[in-house]
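# Analysis of the macromolecular model
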Protein chains: 2
Amino acid sequence: MDNREMILETALDLFYARGYDAVGVQEIVERSGVTKPTLYYYFKSKYGLLEQLLESRGEPFMERLHKACAYEGDLRNTLSAAAGELASFAKQEPKFYTLFLALYHSAKENEAYQAVRPLVIRLQQEIEQIFVSAAGILGNMHGRQRQFSLGFIGLILYDIKMKLEVNGGLRMTISQEEIHSLVHQFMHGIYS
Amino acid sequence: MDNREMILETALDLFYARGYDAVGVQEIVERSGVTKPTLYYYFKSKYGLLEQLLESRGEPFMERLHKACAYEGDLRNTLSAAAGELASFAKQEPKFYTLFLALYHSAKENEAYQAVRPLVIRLQQEIEQIFVSAAGILGNMHGRQRQFSLGFIGLILYDIKMKLEVNGGLRMTISQEEIHSLVHQFMHGIYS
DNA sequence: CTCATTCTATACCGTTCGGTATATTGTGTC
DNA sequence: GACACAATATACCGAACGGTATAGAATGAG
């Protein structure tokens, strides 16, 4: 692993464990076996490091999610596909997933929240687009696509986080059945 | 307002806006119109300030929640009472509610997460106790009280946060109907 | 071999960090 | 008026913060 990747990996470990603000640049470079100028050569600043970390780990996932969110006439199946993609991603990258969630809920005027916003917005757009596509069929959304998508995201993200925690990080399993059950639970609220 | 309360209020504002780690003691005392030794006289350390902030604002709420969670034979009504209490608290203290949620999701090895744990545990216990009490009647929980309570907490907390955000912090309204609808949505997943 | 470019280390910068030793100012008690 | 005690300010501490000026090593191209 080259130095750049090593720094990214170390930063992920540390930000995950203690948070962006509580981790110093010095500690990152020491654990990575490099010195400060190396970090600043690749990332320009501590904030740049966080940005590139979020982009390098988030981009591949966003592409997979985009494909999974392609609406094909059935809202339930599409939501299940999206939720399944989120779950499999969380299983593959539990630390990044947890870090993402922490940043998602962090203070709005904090640097770290600004850095994660692009990813959050894209996630919201992908999910919201599902409901927009389904509006033609459902017909009764009355412009509540945003509300529905936010609620769906919150439900799924939190459920996955809980399942990650009770299994101690690794070994998380989330079956197709559980996904369908969650989606069913969510949709029942919509239709009633 | 005396100096101690002034410091607490300022700390809440700043921690809410930018997060515990990103705010320095210097800024807190400047905005409070006092000097550092005054802060350290009352709170002993920055961490102590956070602890006392969480306790002073969290304790009154926990007491109200405890009463609301008293199980009286009907799971739906009890859950609605608990959720309603959470909602009214969020409406009264939106900044503290949001700060609590941010800390709840922050990195586990971070100081701030350690500080909020007592409150988190008590919240979980209150909610879990509802399901434990209901177990005699439901009978089919198979020791899943913890899982149910965590899921319920996640659903309610996130829903309230969303409603806070779309209304720009103040002017949040969450009707009794919405509460009942949420609880219904949650329970349908349990019974099915 | 030479030169440009990429990458990395030594050593340092000013600033801010959380925290404190010491002294002074109320304020009510005896 | 003397005393105790709570509350506050001045001035300072060493350490850690994010960041950088400068120079040296490595690498491939001509």
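Note: the structure precedes this text.
Residues numbered from 1 in each chain as written. Chains lettered and ligands numbered in written order. Predicted model: local features only at pLDDT ≥ 70, side-chain atom pairs only at ≥ 80, totals over all residues. Heavy atoms only, no water.

### Side note on the protein's contact with DNA strand C
What counts here: To be near a molecule or strand, a residue needs just one of its heavy atoms within 4 Å of it. Polar contact is defined as a pair of N or O atoms within 3.5 Å, subject to the rule that within protein one atom must be able to donate a hydrogen and the other to accept it, and that residues adjacent in sequence are counted only when both atoms are side-chain atoms.
Lining the immediate environment of DNA strand C, one finds 16 residues, of which N3(A), Y41(A), Y42(A), V25(B) and K36(B) sit closest. Here, DNA strand C places atoms within 4 Å of the protein, and 58% of those atoms are sugar or phosphate. For DNA strand C, a phosphate oxygen lies 2.2 Å from a polar atom in the side chain of N3(A). Between DNA strand C and the protein, one listed contact pairs a phosphate oxygen with a side-chain N or O atom of Y42(A) at 2.7 Å.

### Description of the pattern of salt bridges
Basically, it comes down to this: For this document, the term salt bridge refers to a Lys or Arg side-chain nitrogen within 4 Å of an Asp or Glu carboxyl oxygen. Secondary structure elements follow DSSP: runs of H or I no shorter than four residues count as helices, runs of E no shorter than two count as strands, and numbering proceeds from the N terminus. Residue exposure (1.4 Å probe, protein chains only): buried if accessible area is under 20% of the type maximum, exposed if over 50%, otherwise partly exposed.
Counted under the stated rule, the structure contains 22 salt bridges over all chains. Across the salt bridge formed by R122(B) and E59(B), the nearest N and O atoms sit 2.7 Å from each other. Here the residue R122(B) occupies a position in helix α7 (residues 111–138), and E59(B) occupies one in helix α4 (residues 46–68), the gap between them amounting to 63 residues. Its relative accessible area of 30% is what places R122(B) among the partly exposed residues. Residue K163(B) is joined to D159(B) by a salt bridge in which the shortest nitrogen-to-oxygen separation is 2.7 Å. Taken together, the residues span about one helical turn, with K163(B) and D159(B) both in helix α8 (residues 145–166) at a distance of 4 residues. Accessibility assignment for this pair places K163(B) and D159(B) in one class, buried. Among the ionic contacts, a cluster of salt bridges with common partners joins E5(A), E9(A) and R57(A).

### Some points on empty space enclosed by the protein
One simple way to see leftover space: roll a probe sized like a water molecule over the atoms. Stated precisely, the cut-off is as follows: Think of a 1 Å grid over the protein atoms and nothing else: a 1.4 Å probe that fits but is trapped marks a cavity, an open set flanked by protein within 12 Å on at least five of seven lines marks a pocket, and residues with an atom within 4 Å of a point count as lining. Grid points are joined across faces, edges and corners, and a volume is the space filled by probe spheres set on the points. Any residue that is not Ala, Val, Leu, Ile, Met, Phe, Trp, Tyr, Cys, Pro, Asp, Glu, Lys or Arg is counted as polar, Gly included; the first ten are nonpolar and the last four charged.
Under the counting rule described, the total for this entry stands at 4 cavities of 30 Å³ or more. The computed volume of the largest cavity comes to approximately 330 Å³. If you trace the largest cavity, you find 26 residues lining it, with D21(A), S106(A), D21(B), S106(B) and N110(B) closest to the centre. Those elements giving two or more residues to the lining of the largest cavity turn out to be α1 (3–18) and α6 (94–104) of chain A together with α1 (3–18) and α6 (94–104) of chain B. In terms of residue class, the lining of the largest cavity is made up of 16 nonpolar, 6 polar and 4 charged.

### Points about the packing of α1(A) against helix α2 (residues 25–32) of chain A
Residue and element names in this part refer to chain A. Quick reminder of the rule: Each axis is a line fitted through C-alpha atoms, taken for helices only over the stretch in contact, and angles between the N-to-C directions span 0 to 180 degrees. Small angles under 35 degrees read as roughly parallel and large ones over 145 as roughly antiparallel, with 65 to 115 read as roughly perpendicular and the rest as oblique. Helix crossings fall into two classes, left-handed where the near helix is turned counterclockwise from the far one by less than a right angle and right-handed where it is turned clockwise. What makes two residues a contact is simply this: any of their non-hydrogen atoms within 4.5 Å.
Relative orientation of the contacting elements α1 and α2 amounts to 130°, with a least axis distance of 9 Å. In terms of orientation, α1 lies oblique with respect to α2. The two elements α1 and α2 meet at a crossing, and its hand is right-handed. Side by side, α1 and α2 meet where M6, I7, T10, A11, L14, F15 and R18 of the first sit next to E27, I28, R31 and S32 of the second. Counted by class, the contact of α1 with α2 contains 6 nonpolar, 2 polar and 3 charged residues.

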